[in-house]
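Analysis of the macromolecular model
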Amino acid sequence: MGIVKISEDMHENLRVASNALSRSINAQAEHWMRIGMLAELHPDLDHSDICRLLIRAEQAGGLDLQQVCALADESQARAGAVQ
């Protein structure tokens, strides 16, 4: 675990979102980081696709970057086959 320095404005955004979504500030920050990481790795996926990947990863034992990327690649391959 480490310390990440963020701006006061971002901290306030985290505080508001964490209260609204019943998460701790750290849990909210971690959620946004997961979503952002996957959005950068797979820019063609929308938010609902990313959420489905996170749910599948959790069902498979938790968030592992290699596993999540493999699930995303698998999902993209299926989507390409359908089109």
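For the structure itself, consult the block above.
Let us look at the structure shown here. (Residues numbered from 1 in each chain as written. Predicted model: local features only at pLDDT ≥ 70, side-chain atom pairs only at ≥ 80, totals over all residues. Heavy atoms only, no water.)

Some points on the overall build of the chain
Here is the rule we go by: Counting from the N terminus, the helices are the DSSP runs of H or I reaching at least four residues and the strands are the DSSP runs of E reaching at least two. Three labels apply to residues, based on accessible area from a 1.4 Å probe with only protein chains included: buried if under 20% of the type maximum, exposed if over 50%, partly exposed otherwise in between. We call two residues in contact when some of their heavy atoms are within 4.5 Å. Per-residue and other accessible areas were derived by the Shrake-Rupley procedure at a 1.4 Å probe size, with only the shown protein chains allowed to occlude residues.
A count of helices and strands for the chain gives 4 helices and 0 strands. Of the regular secondary structure in the chain, the N- to C-terminal order runs α-α-α-α. On the principal axes, the C-alpha backbone points of the chain span a range of 45 × 25 × 20 Å. For the chain, the proportion of its 83 residues judged to be buried stands at 24%. Excluding contacts between residues fewer than 6 apart, the proportion of contacts in the chain whose partners are at least 24 apart in sequence is 24%. About 6100 Å² of surface is accessible on the chain, with carbon and sulfur atoms providing 55% of the total.

Here we look at helix α2 (residues 25-41)
Here is the rule we go by: Working rule for helices: expected span equals 1.5 Å times residues minus one.
Over its 17 residues, α2 runs 24 Å from end to end, which matches the ideal 24 Å to within 8%, given 1.5 Å per residue. Within α2 the residues assigned to the buried category are Q28, A29, H31, I35 and L38.

Focus on helix α1 (residues 8-20)
Cut-off, in case you're wondering: The directions from the helix axis to the C-beta atoms are what the arc is built from.
Taking 1.5 Å per residue, 13 residues should reach 18 Å; α1 reaches 18 Å between its end C-alpha atoms and fits that length. Buried within α1 we find L14, A17 and S18. End-on view of α1: buried residues confined to an arc of 100°, all on one side of the axis. Of the exposed residues in α1, the ones pointing more than 90 degrees away from its buried face are E8, D9, N19 and A20. Its buried side turned inward, α1 meets α2.

Section: the nonpolar core
The nonpolar side chains of a soluble globular protein tend to be buried, and buried together. Our working rule: What makes a nonpolar core is a set of buried Ala, Val, Leu, Ile, Met, Phe, Trp, Tyr and Cys residues whose side-chain atoms join them at distances within 4.5 Å.
Within the largest apolar cluster, 7 residues are counted, these being I35, L38, L45, I50, L53, L54 and A72. Where this core is concerned, the elements lending two or more residues are α2 and α3 (47-59). With 3 residues, α3 is the single largest residue contributor to this core. Those residues in contact with I35 that lie beyond four places of it in its chain are H47, I50, C51 and L54.

Let's talk about the environment of D46
Put simply, the rule reads: N or O atoms closer than or at 3.5 Å make up a polar contact, with two conditions inside protein: a donor-capable atom paired with an acceptor-capable one, and, for residues adjacent in sequence, both atoms drawn from side chains.
Within the secondary structure layout, D46 lies in the loop between α2 and α3. Looking at D46, the relative accessible area reads 41%, which means it is partly exposed. A polar contact is formed between the side chain of D46 and the side chain of S48, at a distance of 2.9 Å.

Overview of the environment of Q67
Within the secondary structure layout, Q67 lies in helix α4 (residues 65-82). Along the chain, Q67 and G36 lie 31 residues apart, while their C-alpha atoms are 17 Å from each other. Discounting chain neighbours no more than four positions away, the residues touching Q67 are A57, A60 and G62.

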